[in-house]
Amino acid sequence: MIQLAWLIPLFPLLGFLVIGMLNKRLPVSLSGAIASLSVFLSFVVSVIIFNEIHQVGSVPERILMFDWINVGDLNIPFSFLIDRLSVIMLLVITGVGFLIHVYSIGYMQHEQDHSRFFSYLNLFIFFMLLLVLGANYIVMFAGWEGVGLCSYLLIGFWFKYTEYNNAAKKAFIMNRIGDLGFLLGIFLIYTTFGSVSYQEVFNAAKGFPDGDAAITAITLLLFVGAMGKSAQIPLYTWLPDAMAGPTPVSALIHAATMVTAGIYMVIRSNVLYTLAPYSSEIVAIVGLVTAVFAATIGLKQNDIKKVLAYSTVSQLGYMFVALGVGAYDTALFHVVMHAFFKALLFLGAGSVIHAMSGEQDIRYMGGLKKKLPITHITFLIGTLAIAGVFPFAGFFSKDEILSKVYAFSPFMFVVLMFTSALTAIYMFRLYWLTFYGSFRGTEQQRTHLHESPSSMTMPLIILALLSTIGGFLGMPEVFHVPHYFSEFLSSIIYRKAELTLPESSELMVMGGSLTMVVLIIIMTYNHYVKKAVMPETNEGELRGFQKVLSHKYYIDEIYSALITKPIDWLASFSYKRIELGVIDRIVNGSGYILNGISSLLRYVQTGSIGTYVFGMVIGIILLVALTMIH
Amino acid sequence: MNALIVIACLGIAAMMSEVLGFKKLLLPLVAIGLISVVGLFVMDWNTSIRYYHDMLYFDNYAIAFSAMVTVLTALWLIMSKEYFISTTSKAEHAALILFCLTGAIVMISYSDLSMLFIGIEILSISLYVLAASNKHDLRSNEAGLKYFLMGAFATGFLLFGITLIYGASGSFNLQEIANYLSKNSEHLPMFVYAGVLLMLVGLLFKVSAAPFHFWAPDVYEGSPTLVTAFMSTIVKTAAFAAFYRLFATCFSDLSGWWGETLAIVAALTMLVGNVLAVMQQNFKRMLAYSSIAHAGYMLMAIVAMNHISAGAIFLYTSAYSIASLGAFACLHALGANDNEKIINLRGFIAKQPFNAGLLCLAMLSLAGIPPLAGFFAKYYLFYGVIQSGYLWLVLVAVLSSLIGVYYYFRVIYTMFLPREEEDGVLPKISGGHKILLTIVAILSLLMGIFPGILQGIL
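Keep in mind that this is a model prediction, so the values were computed, not measured.

1. Digging into empty space enclosed by the protein
One pass over the full model with this rule turns up seven cavities of 30 Å³ or more. Size it by volume and the largest cavity reaches roughly 100 Å³. The wall of the largest cavity is formed by Met107(B), Leu123(B), Ser124(B), Leu127(B), Tyr147(B), Lys206(B), Trp215(B), Tyr220(B), Met231(B), Val235(B), Lys236(B) and Ala239(B). Taken together, the elements giving at least two residues each to the lining of the largest cavity come down to α5 (113–131), α9 (215–222) and α10 (225–249) of chain B. Ranked by residues supplied to the lining of the largest cavity, first place goes to α10(B) with four residues. Class assignment of the residues belonging to the lining of the largest cavity gives a composition of nine nonpolar, one polar and two charged. Forming the walls of the second largest cavity are Ala387(A), Gly388(A), Gly394(A), Phe395(A), Lys398(A), Asp399(A), Leu402(A), Ser420(A), Ser513(A) and Val517(A). Going through the elements one at a time, α17 (393–408) and α22 (503–530) of chain A are the ones with two or more residues in the lining of the second largest cavity.

2. Remarks on the packing of aromatic side chains
A full pass over the atoms with the stated rule returns 61 aromatic pairs over all chains. Both rings, one in Trp432(A) and one in Tyr436(A), keep their centres 5.1 Å apart while their planes meet at 75°; by these two values the pair is edge-to-face. Residue class for Trp432(A) comes out buried when judged on its relative accessible area of 8%. Seen from their ring centres, Phe240(B) and Phe243(B) are 6.4 Å apart, and the 20° between their planes marks the pair as stacked. Taken together, the residues Phe240(B) and Phe243(B), both in helix α10 and three residues apart, mark about one turn of the helix. Note on accessibility: Phe240(B) and Phe243(B) belong to one class, buried. The residue whose ring lies beneath Arg245(B) is Tyr110(B), and the NZ or CZ to ring-centre distance is 5.9 Å.

3. A look at the packing of helix α8 (residues 190–206) of chain B against helix α11 (residues 255–278) of chain B
Residues and elements named next belong to chain B. Running from N to C, α8 and α11 cross one another at 25°; their axes reach a closest spacing of 12 Å. Here α8 lies roughly parallel to α11, going by the angle between them. The handedness of the crossing between α8 and α11 comes out as right-handed. Here Tyr193, Val196, Leu197, Leu200 and Leu204 of α8 lie close against α11, whose contacting residues are Trp257, Trp258, Leu262 and Val265.

4. Some details on the confidence of the model for chain B
Of all residues in chain B, 98% attain a pLDDT of 70 or more, and the chain-wide mean is 90. Interface predicted TM-score (ipTM) for the complex: 0.85; the corresponding pTM is 0.70.

5. Examining the side chain of His354(A)
Mapped onto the secondary structure, His354(A) falls in helix α15 (residues 328–355). Ignoring sequence-local partners within four residues, the contact set of His354(A) consists of Gly106(A), Tyr107(A), His448(A), His450(A), Ser452(A), Pro453(A) and Met456(A).

6. A short note on the environment of Ala284(A)
All names here are of chain A. As for its placement among the helices and strands, Ala284 is situated in helix α13 (residues 277–298). Residue Ala284 is classed as buried on the basis of its relative accessible area of 2%. In contact with Ala284, not counting residues within four places along its chain, are Phe320, Val321, Gly324, Val325 and Met412.

7. Regarding unusual backbone geometry
Between Ile233(A) and the following residue, Pro234(A), the backbone shows a cis peptide bond with an omega angle of 5°. Tracing the sequence through the fold places Pro234(A) in the loop between α8 (213–229) and α9 (238–241). The linkage connecting Pro370(B) with the following residue, Pro371(B), adopts the cis geometry, with an omega of 5°. Mapped onto the fold, Pro371(B) is located in the loop between α15 (353–367) and α16 (373–387). Despite not being glycine, Asn46(B) shows a phi value in the positive range, around 70°. In this fold, Asn46(B) is placed in the loop between α2 (26–44) and β1 (49–51). For Asn46(B), a relative accessible area of 55% translates into the label exposed.

8. Describing the side chain of His114(A)
Residues and elements named next belong to chain A. Within the element layout of this structure, His114 appears in helix α4 (residues 114–133). The class of His114 is buried, set by a relative accessible area of 8%. Within the structure, His114 has its side chain in polar contact with the side chain of Ser31 (distance 3.0 Å). In contact with His114, not counting residues within four places along its chain, are Leu26, Pro27, Val28, Ser31 and Met108.

9. Regarding the pattern of salt bridges
Overall, the coordinates contain 17 salt bridges over all chains when judged by the stated rule. The residue Glu400(A) makes a salt bridge to Lys404(A) at a minimum N-O spacing of 3.8 Å. You can see Glu400(A) and its partner Lys404(A) sitting in helix α17, four residues apart, about one turn around the helix. Across this residue pair, the class does not change: Glu400(A) and Lys404(A) are buried. One network of salt bridges, in which partners are shared, links Arg139(B), Glu142(B), Lys146(B), Asp218(B), Glu221(B) and Arg285(B).

10. Notes on the layout of surface pockets
All names here are of chain A. Considered as a void within the structure, the largest pocket measures approximately 1300 Å³ in volume. Elements that contribute at least two residues to the lining of the largest pocket include exactly α6 (162–193), α9, α14 (304–324), α15 and α24 (555–601). By residue class, the composition of the lining of the largest pocket is 19 nonpolar, 14 polar and 12 charged.

Calculation criteria
- Residues numbered from 1 in each chain as written.
- Chains lettered and ligands numbered in written order.
- Predicted model: local features only at pLDDT ≥ 70, side-chain atom pairs only at ≥ 80, totals over all residues.
- Heavy atoms only, no water.
- 1 Å grid on protein atoms, 1.4 Å probe; cavity = no way out; pocket = protein on both sides within 12 Å on 5 of 7 lines; lining within 4 Å.
- Points joined across faces, edges and corners; volume = space filled by probe spheres on them.
- Helix = DSSP H or I, 4+ residues; strand = E, 2+ residues; numbered from the N terminus.
- Nonpolar A, V, L, I, M, F, W, Y, C, P; charged D, E, K, R; others polar.
- Phe/Tyr/Trp six-rings, centres within 6.5 Å; stacked < 30°, edge-to-face > 60°.
- Buried < 20%, exposed > 50% of the residue type's maximum accessible area, 1.4 Å probe, protein only.
- Lys NZ or Arg CZ within 6 Å of the ring centre and 35° of its normal.
- Axes fitted to C-alpha atoms, helices over the stretch in contact; angles between N-to-C directions.
- Parallel < 35°, antiparallel > 145°, perpendicular 65-115°, else oblique.
- Left-handed = near helix turned anticlockwise from the far one by under 90°.
- Contact = heavy atoms within 4.5 Å.
- pLDDT = per-residue confidence, 0-100.
- Polar contact = N/O pair within 3.5 Å; in protein donor to acceptor, adjacent residues only side chain to side chain.
- Salt bridge = Lys/Arg side-chain N within 4 Å of Asp/Glu carboxyl O.

What follows is the structure, given as structure tokens:
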């Protein structure tokens, strides 16, 4: 069955082609059904393959599809790699992807252009699967670029709004910067190891000493790519803007799957990162700073999707911290758990927005608990999961990161602990403001309030279930239960970092974070529900640091002043002075000269045979003269 | 060999058709004849038989080129249906075309200089008549006469050259001349060089290389469009096949002596052709100059003269001829002489998008834009020339290709302009033209996607 793994990306590709070609001729239910079915079929195949891989002693399998690039010494096959890492990603992508596809049928039912939406969504799944299935960096890169393209297309899905188009462009350009790093990294891999296939690269790398300069450079360049795709400082600003896309897109691409591609890539390259402690340290530091930085911004956002977006950036930061300290399996564990609860939160937010007729500002919500019971309960589960309350998914994965980081560096642990306090604060602020208190929207919105159709609530319920029980796949060591996840992945990790805490410290970490979260829940309840404190509706009333936070540290403005403006200036200078002044003149000038020569030469063609024969004689004399020279 | 006999008999049959009264059957007969001839060539593949005391030698090179000119003639016939219906002397036209083809195959497969001469004459004399075949058009008459006078002049050079070579080697046979030249390479008499030079001049005239190209624009423009199409594709292919065969078999040992000179001629030819094509407002005249320019590129294969150049020139002549046939089909559809201005193509794409698209493909292939055949034809040609060490020639070729892109694209660009009051009529693409254009487009794409097939068989 493993040899049939090519079926997994094939189904979404076929879905894309069918929906894309029939386009407007399909009714919404049909295009949605085709799209969901194709992903579901991929999911079924993935489950079957997972069962085979799951057996003890199963080895990674490479499936050669065809010879792709064959130029000189460069030989890059188009091949897939099925191992324990890719199979987990497959399950997440097709599983969560399927749920989000189903959800989209309900969410997009009033949309005219639904076929375009579903075809893009299927295309995205195809590229994402390519990304995780590839057996070498080039196939991964093809998928990597493909998901970037789909992300661009879907952020700008409502292309009639300039603002959305700008968001799409921003995402694309930011990602391009990262891609450049990734590409350079691949080039360096090829020149260092003479191959881009994982197997050959990693086997060759194992012969290199720790801290080798080439490997350090490679890992840093690859990390630049990861920064772009996974929205880390300084390339994170596109992700909040990317919320311009339809909400299912935010859930699928900008929370559950694509943004974790950077993490997947680092885990895939863990051999290299293990050999480059310097790079790993940078990964951890960038992750840590991003986590706390994004969390502070999240405190002052009022757009329900923006809060979740900054929370995603922050959570991705967590995962990078885990990668940086060498806890690769923990990072993947958090990727999976995050896919569950963040997809849930986004879909819940989508359900809220759907009910509120497109309103996204939490200042105009409130009291939705009664009207949207299912959305409310599932959103609460998601919030508890991300805040890290026992026994929800986030508790286990986050706690594991915290304890691993504590073992690595207590200082980083403190910062991360602070971040998880912030996470709990902004998430519960969001939760209380949305579902409790009194309704603050318009009268029209109030009468329109309704629970979403079952195609939307069913995915919510399933994801809520997963967010509730998913965490038990990775029980902390103190419970003396096998850590299923870590054991499953052990063959993927090259050198496992020694990051175990004494039982007492681990219990203290767990207890401490749990107590903190409970306290925060009570405090935020008092603040936002009992005292009913509202965020300022007028931006001018904000003072000091709050204002800075509300403006996201003015990062966009700083980027604009430091990078965009100089580039714009350079571009307009190049256009006016170099393009118009120099290049155009050379080009047009050579055209004029050519025309001149051409019109002069025409006079040779007189039409009289006498001249022609004379010309030939001259030609013969010239030929004789030329051959005489030799 | 059987194929050659079949074609000659077909020509005689065509002549008799008027007298014997089966004119109506003429076209189907010729079509079936040409198709069976291609079949006969395919059967001869890999046989390499010498005929008539080594007068003709059908090796794979000869068979490939012969089959190609036959196929081109068949394609040409698709658009020329009306030429054999509306004109009064269609039987003669058909016969002359078939004799031309006979001459072409003789000059492709010759193994003896006398056969080369006979082939060239069979071809040329038929062509002189065809060029003047539009009796009531003064320019057609002028073209025929000019072609005849200039051709006679050039044939003189060719004959002088052959005599001198014979004088030194004592043979007309290619193989024996080659043996003589390689045996006596240390002390060749001066007049051998003179002989090679004179033959070179004669052949350069036939392929319309600068500075022996003056006849070409006038003759191409004056002749009926269909004859021009025939001249600039089938005749050109055959002339280059003969040219390459002579220099590859006999004179390759002397390539150090004539190589540099021929390289300069090639460079001059492509520059003159391309530069002069830029200013032409008349589509037909533009194609005439473009045909001169392409002769310059094809000469590069003879300059390179290495293991890939035979395949390269085969691919190039095929790609060029096929794309040219497409361009000429549109030109022919434009109609009478005064309507042949490029500017009359304005609005073509809006009114007839399919036909215009096909013309676009033909133009792109002529300009050498991937993935069409013209690009890979140039690629192999340039690659071979670089391997033989003429880097500067490739640079000139690339530069002049850029000029070529300018005027080919002007045709495409004109098609996109809106129509205006003073514009003449758009091409009236008949069924035959459409079929031809479609075949041209398909072949150009296929040869572009799988260039190795044609290039690799030689």
